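Secondary and tertiary structure notes
Take a look at the letters that make up each chain.
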Amino acid sequence: MLLGPSLGVSAILFSLGVAGVLLRRNAIVIFMCIELMLNAVNLSFVALAQQLGREGQVIVFFVMAVAAAEAAVGLAIMIAIYRHKSSVNVKEINLLRG
Amino acid sequence: MSGTEAVFWFFAAVAIISAFLCITRRSPVASALWLVSTLFALAAIFVLLDAHFIAAIQVLVYAGAIMVLFLFVIMLLNLGRAGPTDMLGWAGRLVMFAVGALLVVELWVLVRIVPAEELQLPTGAMVQLTEQEGAVRVISEPLFRGFLVPFEITSILLLAAIVGAVVLAKRKL
């Protein structure tokens, strides 16, 4: 059975995604790390679906749809920010800082 | 170790190493390409876990559409060159990898999860279901019966995302 190993791989990938979000300042790379985390969760859904029924796979389908919407809107925001700041470095995006 | 397990561990190693390279490469394009490699390895693992349709749309939607969108924006904003590094300093890196390692230790309890006996399907049930109904029907049957309302809400969400992306990226309305 691959359930335990799959959940372990999922845990490692999720932690790498979190480390990436904390480590990087390039907003586009941060977005890619978020995609990495979503994929890690998808892996655990699919692994559990093998044992508990196909509904887990349907949830993965929804996660992918939401990830696609999130990527489209997020990247549009990146373009809008780049137009104002000429940079996507999150250090320089501090308009809301007091 | 059986053949399936050997293949699983090979693709697991590919996924983890690519993910590590994805978060450490300086150039965003290199990061994106390593992420594509991770996504392909995950698609292979999905096949091993009897999720054939999910594996197919992982390649089509994630590795195809979403990553092309990322690369397109990187090229559009002309960020492809490896500039000065955007990572934190050495102290910050050590702290962040410590946080990541701590998270792995915390999540490691998942590895020992055993689903309750009465919830578990008999061994090979998903394979049998896929053989009976076909890979697409395994998903579409619950999707269009039990999950019909979430499915329709997703379509509205995607419409809102399309409109939102156009509005945000447009120079002047």
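The rules behind each value
- All chains use their own residue numbering, which begins from 1 and follows the written sequence.
- Labels follow written order: the first chain is A, the first ligand is 1, and so on.
- At least 70 in pLDDT is required for a residue's local features to be given in this predicted model, at least 80 for side-chain atom pairs to be given and counted, and no such filter applies to totals for whole chains, interfaces and linings, which use all residues.
- For side-chain calculations, the full set of non-hydrogen atoms in the structure is used, while hydrogens and water are omitted.
- Here a helix means four or more residues in a row that DSSP labels H or I, a strand means two or more in a row labelled E, and each is numbered from the N terminus.
- In this tally, Lys and Arg are treated as positive and Asp and Glu as negative; His is ignored, and so are the chain termini.
- For the purpose of locating charges, the reference atoms are NZ of Lys, CZ of Arg, CG of Asp and CD of Glu.
- Whether two residues touch is decided by their heavy atoms; if any such pair falls within 4.5 Å, the residues are in contact.
- Note on definitions: salt bridges are taken to be side-chain nitrogens of Lys or Arg within 4 Å of carboxyl oxygens of Asp or Glu.
- Residue exposure (1.4 Å probe, protein chains only): buried if accessible area is under 20% of the type maximum, exposed if over 50%, otherwise partly exposed.

Details of the overall build of chain B
Secondary structure summary: chain B contains seven helices and zero strands in total. Each helix (α) and strand (β) of chain B, taken in turn from the N terminus, gives the series α-α-α-α-α-α-α. With respect to the principal axes defined by its C-alpha atoms, chain B has extents near 55 × 45 × 25 Å. Of the side-chain charges in chain B, 10 are positive and 10 negative, and the distance between the mean point of each set is 26 Å.

With respect to the environment of Phe151(B)
For Phe151(B), the location among the structural elements is in helix 7 (residues 148-169). C-alpha separation for the pair Phe151(B) and Thr130(B), spaced 21 residues apart in sequence, amounts to 22 Å. Sequence-distant contacts of Phe151(B), defined by excluding residues within four places in its chain, comprise Phe61(A), Phe62(A), Leu143(B) and Phe144(B).

A few points about the pattern of salt bridges
According to the stated counting rule, one finds three salt bridges over all chains in the structure shown. The partner of Arg54(A) in a salt bridge is Glu133(B), with the nearest N and O atoms 3.0 Å apart. Here Arg54(A), found in the loop between helix 2 (27-52) and helix 3 (55-85), pairs with Glu133(B), found in helix 5 (residues 125-133), and the two come from separate chains. With relative accessibility at 26%, the residue Glu133(B) sits in the partly exposed group. We note a salt bridge from Arg137(B) to Glu141(B), for which the minimum N-O separation is 2.9 Å. Of this pair, Arg137(B) and Glu141(B) both sit in helix 6 (residues 135-144), separated by four residues, roughly a single helical turn.

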